[in-house]
2 protein chains.
Amino acid sequence: MNLPERVTIYEVGPRDGLQNEKAVVPVAVKAEFLTRLAATGLKVIEATSFVHPKWVPQLADAADLLAALDRAPGVRHPVLVPNERGLDRALESGVSDVAIFASATESFARRNLNRSMDEQYAMFEPVVTRAREAGLWVRAYLSMAFGDPWEGDVPVAQVAEAGRRLFDLGIHELSLGDTIGVGTAGRVQELIAAFDSPEPLAVHFHDTYGQALANTLAALQAGVTTVDSSAGGLGGCPYAESATGNLATEDLVWMLDGLGISHGVSLDALVETSVWMAERLGRPSPSRVVTARSSS
Amino acid sequence: MNLPERVTIYEVGPRDGLQNEKAVVPVAVKAEFLTRLAATGLKVIEATSFVHPKWVPQLADAADLLAALDRAPGVRHPVLVPNERGLDRALESGVSDVAIFASATESFARRNLNRSMDEQYAMFEPVVTRAREAGLWVRAYLSMAFGDPWEGDVPVAQVAEAGRRLFDLGIHELSLGDTIGVGTAGRVQELIAAFDSPEPLAVHFHDTYGQALANTLAALQAGVTTVDSSAGGLGGCPYAESATGNLATEDLVWMLDGLGISHGVSLDALVETSVWMAERLGRPSPSRVVTARSSS
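Everything numeric here is computed off the predicted structure, so don't read it as measured data. (Residues numbered from 1 in each chain as written. Chains lettered and ligands numbered in written order. Predicted model: local features only at pLDDT ≥ 70, side-chain atom pairs only at ≥ 80, totals over all residues. Heavy atoms only, no water.)

(A) Structural context of the pattern of salt bridges. All names here are of chain A. Evaluated as defined, the whole model comprises 32 salt bridges over all chains. In this structure, the salt-bridge partner of R139 is D228, at a minimum N-O distance of 2.8 Å. Here the residue R139 occupies a position in strand β6 (residues 137–143), and D228 occupies one in strand β11 (residues 226–229), the gap between them amounting to 89 residues. (Salt bridge = Lys/Arg side-chain N within 4 Å of Asp/Glu carboxyl O. Helix = DSSP H or I, 4+ residues; strand = E, 2+ residues; numbered from the N terminus.)

Have a look at this one:
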């Protein structure tokens, strides 16, 4: 198998996971979750979102959380910024890494952003420009990059074109999101091949149809070296039907360990953290590894 | 990706699934399950086991089930036979396909068969010889082919040697079983490469650590064209710690459909069957596809 020697795990549990919890997790618990995740060896941990609190009340405490955050050396904590107002708030909190979120389909752009696809680029252009001027690292998520609940299959060319427009704005990294988890391994490789290079790409898989880890394997074979995952498999998407949890970081780490791919994360510490968080949330982790490790 | 055009799904739910249920499923329900599975397009459906009822009371009705079975044309129904006595009972029931089950480790051979590895081949030799003389097709399972709860990692050379000894007995197909679900994709390909040809090999993955579908993808890339799976993800192994369900047939079918690999099975009919069976068992299917499809 043609595989990379090293993979960067982009941990999304504190943001993509917790924004989908019905209960609002106290800021002190969130801060401890972030501290514990950093102690596992994770180097990129998406901390929170500066989306308007009206839309994501679960993360309304973004500024408080960042103020309370015990920043570990060498650990990056990107935050989601939907627009210029979000960027302003993020800059006030002193962040150094931000992520915008775009849609690969008109239907989801309309529903999630209340904009057309063209309008989304116009909205993001000053965000990316100002973020770069401020010296920030900028990621873009591209949602519905495989399928869309309203449009069905999303053509590779359409996704690649959306990605190119985001790169043209000046982003550093593009995360290809299978928001509803319908994609399969062949399509993953086709989509990656539609870009000039796999290097600035990341993959973001949801396990709705059980494909997340197989798709990750396919992406690694296609040269991708950044993989999004969520500690304990927390997460989903509140605005998309039938979306379930993200790929569990533990299940990813198990595979990477077996493949001899470096990642720097302690599986034991990660399982312990996910068990701790599951206790706070009052329900078991959907991660298979967490389940196997904590029941034995 | 180097992938086969066609895959044979070897359905193990009625045997590997139901033998792990605490409740004994009535023979009429089992017969209907088999009929429904055949109607989905599955061509190989392991029906039951002639293991002594003392050890697997869930399948004590093997002869009654086969007598009640509505045999669909072109569908094979292998049955498990542990020894000559099991073969006698299977032959009395008029079967045409049997499967023996061997261990790749001394520890599991001792625990599951009460024999050393050498003794297991001696036990299987007359079973395979007589089965072939009777014109039967013979599969062997090789359990603990990746890891073992007592011995840890199981070396590729050891598994390949055990497989060779089973082929030397005259078996037609060898199913490499990751009984405790610890294997990862690279090891899967290494193990397959240790055999002369992937053609008579099958893979049998459990999803204990979330690796089953990624491992299947790796096996397909290595040339394997027969994949074991269990409708709705039923199953496990009662004699091995921390073993959870088999790869769900629905999750496999979703991937094969996405990859454009023929398999002949209707996903809708399969999901309907697994939902029906889950209702009989009184608990939801662990298959991600079944969950997504039946909740939407």
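(B) Broad picture of the pairing of strand β6 (residues 137–143) of chain B. Residues and elements named next belong to chain B. Among the 7 residues of β6, 7 are classified as buried, and the element is accordingly described as predominantly covered. Side chains W137, R139, Y141 and S143 project from β6 onto one buried face, and the interleaved V138, A140 and L142 project onto a second face that is buried too. For strand β5 (residues 97–103) and β6, the ladder comprises 7 bridges, and the chain directions are parallel. Across the sheet, residue A99 finds its bridge partner in β6, namely R139. As paired elements, β6 and strand β9 (residues 173–178) share 4 bridges and run parallel to each other. Counted as the bridge partner of A140 is L174 from β9. (Buried < 20%, exposed > 50% of the residue type's maximum accessible area, 1.4 Å probe, protein only. Pairing = 2+ DSSP bridges.)

(C) Seen up close, the sheet that holds strand β9 (residues 173–178) of chain A. All names here are of chain A. Read across the sheet, 9 strands follow the order β2-β1-β11-β10-β9-β6-β5-β4-β3 without closing on themselves; strand pairing throughout is parallel. At either margin of the open sheet sits one strand with a lone partner, and together these are β2 (44–45) and β3 (48–49). Two strands pair when backbone bridges link them, and β9 and strand β10 (residues 201–205) are joined in this way by 5 bridges, in the parallel orientation. Looking at β10, one finds that G177 is bridged to H204. Strands in contact with helix α7 (residues 156–169) are β5 (97–103), β6, β9 and β10; relative to β6, the strand with the most contacts, it is inclined by about 160 degrees. (Contact = heavy atoms within 4.5 Å. Axes fitted to C-alpha atoms, helices over the stretch in contact; angles between N-to-C directions.)

(D) Focus on the sheet that holds strand β1 (residues 8–11) of chain B. All names here are of chain B. In spatial order, the strands read β2-β1-β11-β10-β9-β6-β5-β4-β3; together these 9 strands make up an open sheet with parallel pairing. The sheet is open, and its two edges are formed by β2 (44–45) and β3 (48–49), each paired on a single side. One ladder, built from 2 bridges, connects β3 with strand β4 (residues 79–80); its direction is parallel. Across the sheet, T48 pairs through a bridge with V79, a residue of β4. Along the sheet face, helix α6 (residues 117–133) touches β5 and β6 and points at about 170 degrees away from the line of β5. Helix α10 (residues 249–259) rests against β1 and β11 (226–229) of the sheet, and its axis sits at about 175 degrees to β1.

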